[in-house]
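Chain by chain, the residues:
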Amino acid sequence: MTHFQRIKNIIIGGVMLLLAVLLALQPETGLIVTAFALLISLFVYGFRLLFYYFTMARYMVSGKSSLYQAVIVLDVALFTVSLISTGRFVTVVYLLAVFVFSGFVDIMRAIEAKRVGAQMWRFKLVSGIIKALLAAGLAVAGFVFRSSVIPVYGFCFVLAYSAVERIVTAFRKQAIVYIQ
């Protein structure tokens, strides 16, 4: 990881922590802000993948998979736009589904990292399990107490956890492979 990437990750982690604190202070409006934060991140990621496809990936073997991924992410972002106007319940269910999916993706990446012999597979596995269990717990708590504020606090926790994880990763030494 270059110095610029480390600084970028620290700044992004700080902004994520600030957003988590601001959402925790205003939980009533936090659900809409949470949905908009997810929406913006999906649009940014989708356009970044699209830019990557048009600049580099179209000349690579299986580069079209990057294009397909960009189109799917942008479609999910447009679906999120339509969900924001439907109502609180649907938005809460959608956000919890995103949490669960994110946790399972982390678990699958940890399994793949273990298979190739990477060192950090345990950290990824624990991170994925925490995200998936937290989403399940938030779903149960939200439906039992009939509150839309509980998922906002959960999103704040997941956002803060991801921010701390990003900052810790930025300060961690990376293994360097020397070719002689």
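Because the structure is a prediction, the values reported are computed rather than measured.

Reading the values: the criteria
- Numbers given to residues run from 1 along each chain, matching the order in which its sequence is written.
- Given that the model is predicted, a residue must reach a pLDDT of at least 70 before its local features are reported, and side-chain atom pairs must reach 80 or more before they are shown or counted; all residues, however, enter totals for whole chains, interfaces and linings.
- Values shown for side chains rest on all heavy atoms present in the structure; no hydrogens or waters enter the calculation.
- Think of it this way: a Phe, Tyr or Trp ring, Trp meaning its six-membered ring, pairs with another when their centres are within 6.5 Å, and the plane angle makes it stacked under 30 degrees, edge-to-face over 60, tilted otherwise.
- The numbering of helices and of strands both runs from the N terminus, where a helix is a DSSP run of H or I of at least 4 residues and a strand a run of E of at least 2.
- For every residue, the accessible area obtained with a 1.4 Å probe (protein chains only) is divided by the maximum for its type, and the residue is called buried under 20%, exposed over 50%, and partly exposed between those limits.
- Criterion for a salt bridge: a side-chain nitrogen of Lys or Arg within 4 Å of a carboxyl oxygen of Asp or Glu.
- Patch building starts from residues that exceed 30% relative accessible area and form no salt bridge, then joins like charges within 9 Å and nonpolar side chains (Val, Leu, Ile, Met, Phe, Trp, Tyr) within 5 Å.
- Surface accessibility in these figures is a Shrake-Rupley result with a 1.4 Å probe; residues are shielded only by whichever protein chains are displayed.

**Description of the packing of aromatic side chains**
Now for step 1: Across all of its chains, the model carries two aromatic pairs by this definition.
Now for step 2: Considering the side-chain rings of Phe 43 and Phe 47, the 6.2 Å spacing of their centres and the 15 degrees angle between planes classify their relative orientation as stacked. A residue pair is termed a helical-turn pair when its members lie 3 or 4 positions apart in one helix, as Phe 43 and Phe 47 do in helix α2 (residues 27-55) at four residues.
Now for step 3: With relative accessibility at 23%, the residue Phe 43 sits in the partly exposed group.
Now for step 4: A relative accessible area of 48% places Phe 47 in the partly exposed class.
Now for step 5: Residues Tyr 53 and Phe 54 carry aromatic rings whose centres are separated by 5.2 Å and whose planes lie at 65 degrees to one another, so their mutual orientation is edge-to-face.
Now for step 6: Look at Tyr 53 and you get buried, because its relative accessible area is 11%.

**With respect to the pattern of salt bridges**
Pairing is possible between side chains of opposite charge, provided their charged atoms come close.
Now for step 1: Inspection of the entire model under this criterion finds one salt bridge.
Now for step 2: A salt bridge links Asp 106 to Lys 131, with the shortest nitrogen-to-oxygen separation between them at 3.0 Å. One end of the pair, Asp 106, is in helix α4 (residues 88-116); the other, Lys 131, is in helix α5 (residues 121-145), and 25 residues separate them in sequence.
Now for step 3: On the basis of relative accessibility, which here comes to 15%, the residue Asp 106 falls in the buried class.

**Re a nonpolar patch on the surface**
Now for step 1: Taken together, the side chains of Leu 18, Val 21, Leu 22 and Leu 25 make up a nonpolar region of the molecular surface, amounting to roughly 410 Å² of accessible area.
Now for step 2: Look at Leu 25 and you get exposed, because its relative accessible area is 61%.

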